Amino acid sequence: MKILVTGGLGFIGSNFIRYFLRRYPRGAVVNLDKQTYSGNPANLRDLAEERRYRWVKADIADADAVDKCMRGTDAVVHFAAESHVDRSILDAAPFLQTNVIGTQVLLDAALRHEVGRFVHVSTDEVYGSVAKGHSTEKDPLLPNSPYAASKAASDLLVRSYIVTHKLPAVVTRASNNFGPYQYPEKAMPLLITNLLDDIPFPLYGDGLNVRDWLYVLDHARAIDVVLRHGQVGEIYNVGGSFSCNNRELVRRIRTLMGKPESLIKRVPDRPGHDRRYALDCSKLRRLGWRPETDFRRALADTIGWYRTHESWWRPLKRKLGFKTYYKKQYAGRS
Ligand code: NAD
Ligand code: TYD
């Protein structure tokens with residue numbers, strides 16, 4: 001099977017590509033990735049000599065480049081996106097351009113090339129904040145951040161291509177991923193790498209916002225299951241095995257790392273900060289998937305990975321782009 005993966009230089013895409021090529025010795029991957037600030041060729045350096053893997057540096061909104069990549073493709077797994085909520089609050093424009101227009105360009109090319117399967121990778125954030133219970137795939141979309149709104153828009157666009165053009169697409173909606181190769185602006189890698197350097201971690205608001213935590217390799221397996229067994233036109237929630245509020249998460253990580261509470265600094269809340277996400281994943285479980293990773297072990301492994309991979313994350317945090325973002329995002333908050 002030859003698949004086109006978009007956004008494969010990012011956190012989840014790179015973990016998925018490595019998983020896919022290991023699992024399928026006859027599988028081949030073309031990775032279409034523009035290499036934005038979060039796209040990092042180092043995430044797949046181990047595949048440099050792999051003949052079943054090729055990276056094409058291009059924008060998913062570039063119709064000509066997409067058309068070339070789509071030729072001879074059996075399936076598309078679409079990860080490419082602007083993915084960070086805080087950046088979408090600072091500037092929503094790239095989110096609309098990539099997440100909505102880019103998705104439309106891909107959908108049109110998939111139709112033209114009669115691709116057999118299109119997996120659109122989305123997020124639990126499209127449901128908005130859920131005070132009680134768990135979101136099911138039938139729940140209304142009530143996104144609260146520009147990021148979530150752009151993902152909801154792309155989900156609806158995919159739906160429209162399924163209904164109108166009979167595109168054989170499926171949508172997955174995952175919770176907060178964690179694991180190796182996550183760009184250190186997201187809460188977990190920012191917390192771990194700041195603590196390694198004894199730099200304070202800015203905890204938003206009262207820290208009682210609840211997130212569901214999904215190990216990235218459980219997510220990769222889920223996407224593979226949906227790719228092979230998901231029913232066309234369906235949506236599948238993908239949640240992890242552990243959920244907690246941010247205070248609890250920070251306490252666990254701090255304790256595992258042996259760091260003092262004084263390194264956690266309460267800062268003013270993120271505007272529109274969703275209080276709680278929670279997913280009902282029974283539909284995907286019926287396809288035979290469930291999160292297999294033990295959260296405690298995966299958390300310890302993840303901390304261990306950032307500890308032993310300073311040469312991966314230090315250059316990212318040293319870059320001017322990261323420093324400028326960090327200043328803009330956190331200045332005046334402490
Ligand atoms: P990421 O920011 O780490 O990676 C995004 C990748 O997309 C980067 O390699 C980047 O270079 C590429 N990209 C961005 N714009 C592009 C464009 N216009 N053309 C080509 N490539 C482009 O993101 P991630 O955390 O790996 O998320 C991947 C997908 O999973 C996204 O669609 C996101 O919405 C979704 N998702 C993420 C999470 C999470 O917790 N991180 C949870 C649920 C869903
Ligand atoms: P994040 O990793 O940005 O994911 P999302 O907002 O998409 O869930 O944040 C996870 C949680 O951590 C979220 O409730 C916001 C909070 N958070 C902080 O408290 N401080 C931070 O510096 C960041 C980036 C996030």
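Residues numbered from 1 in each chain as written. Chains lettered and ligands numbered in written order. Predicted model: local features only at pLDDT ≥ 70, side-chain atom pairs only at ≥ 80, totals over all residues. Heavy atoms only, no water.

### Digging into the site of ligand 1
Then step 1. Surveying the vicinity of ligand 1 reveals 28 residues, the closest of which are Asp33, Ser38, Ser83, Tyr147 and Lys151.
Then step 2. Backbone polar atom of Gly10 to an oxygen atom of ligand 1: 2.9 Å apart, as the coordinates give it.
Then step 3. Out of a free accessible area of 830 Å², ligand 1 has 97% covered by protein chains.
Then step 4. Among the elements that line the shell around ligand 1, the one with the most residues is strand β5 (residues 117–123), at three residues.
Then step 5. In terms of residue class, the shell around ligand 1 is made up of eleven nonpolar, 13 polar and four charged. (Near = heavy atom within 4 Å. Polar contact = N/O pair within 3.5 Å; in protein donor to acceptor, adjacent residues only side chain to side chain. Areas by Shrake-Rupley, 256 points an atom, 1.4 Å probe, with all protein chains shown as cover. Helix = DSSP H or I, 4+ residues; strand = E, 2+ residues; numbered from the N terminus. Nonpolar A, V, L, I, M, F, W, Y, C, P; charged D, E, K, R; others polar.)

### As for the domain arrangement of the protein
Then step 1. As assigned here, the protein comprises domain 1 (2–178 + 212–238) and domain 2 (187–211 + 242–272 + 295–323).
Then step 2. Taken over C-alpha atoms, the centre of domain 1 sits 25 Å from the centre of domain 2.
Then step 3. Domain 1 puts 13 residues into the contact, and the matching count from domain 2 is 17 residues.
Then step 4. A buried area of about 1300 Å², summed over both sides, lies between domain 1 and domain 2, and 59% of it is on carbon and sulfur atoms. (Domains from an automatic or database assignment. Contact = heavy atoms within 4.5 Å. Buried area = accessible area lost by both parts, 1.4 Å probe.)

### What about the environment of Thr308?
Then step 1. If you trace the backbone, Thr308 turns up in helix α10 (residues 295–308).
Then step 2. A relative accessible area of 60% places Thr308 in the exposed class.
Then step 3. Reaching out from Thr308, the side chain makes a polar contact with the side chain of His309 at a distance of 3.1 Å. (Buried < 20%, exposed > 50% of the residue type's maximum accessible area, 1.4 Å probe, protein only.)

### A word on the confidence of the model for the protein
Then step 1. In the predicted model, the protein carries a mean pLDDT of 97, and 99% of its residues have values of at least 70.
Then step 2. Highest mean pLDDT in the protein belongs to β5 (99); lowest belongs to helix α12 (residues 320–330) (94). (pLDDT = per-residue confidence, 0-100.)

### Topic: the nonpolar core
Then step 1. One finds Met188, Ile192, Ile253 and Trp312 to be the most contacted residues of the largest nonpolar core, which totals 35 residues.
Then step 2. Two domains each donate at least three residues to this core, and these are domain 1 (2–178 + 212–238) and domain 2 (187–211 + 242–272 + 295–323).
Then step 3. Once residues within four sequence positions are removed from consideration, Met188 is found in contact with Phe178, Trp213, Leu249, Ile253, Leu299 and Thr302. (Core = buried A, V, L, I, M, F, W, Y, C linked by side-chain atoms within 4.5 Å.)

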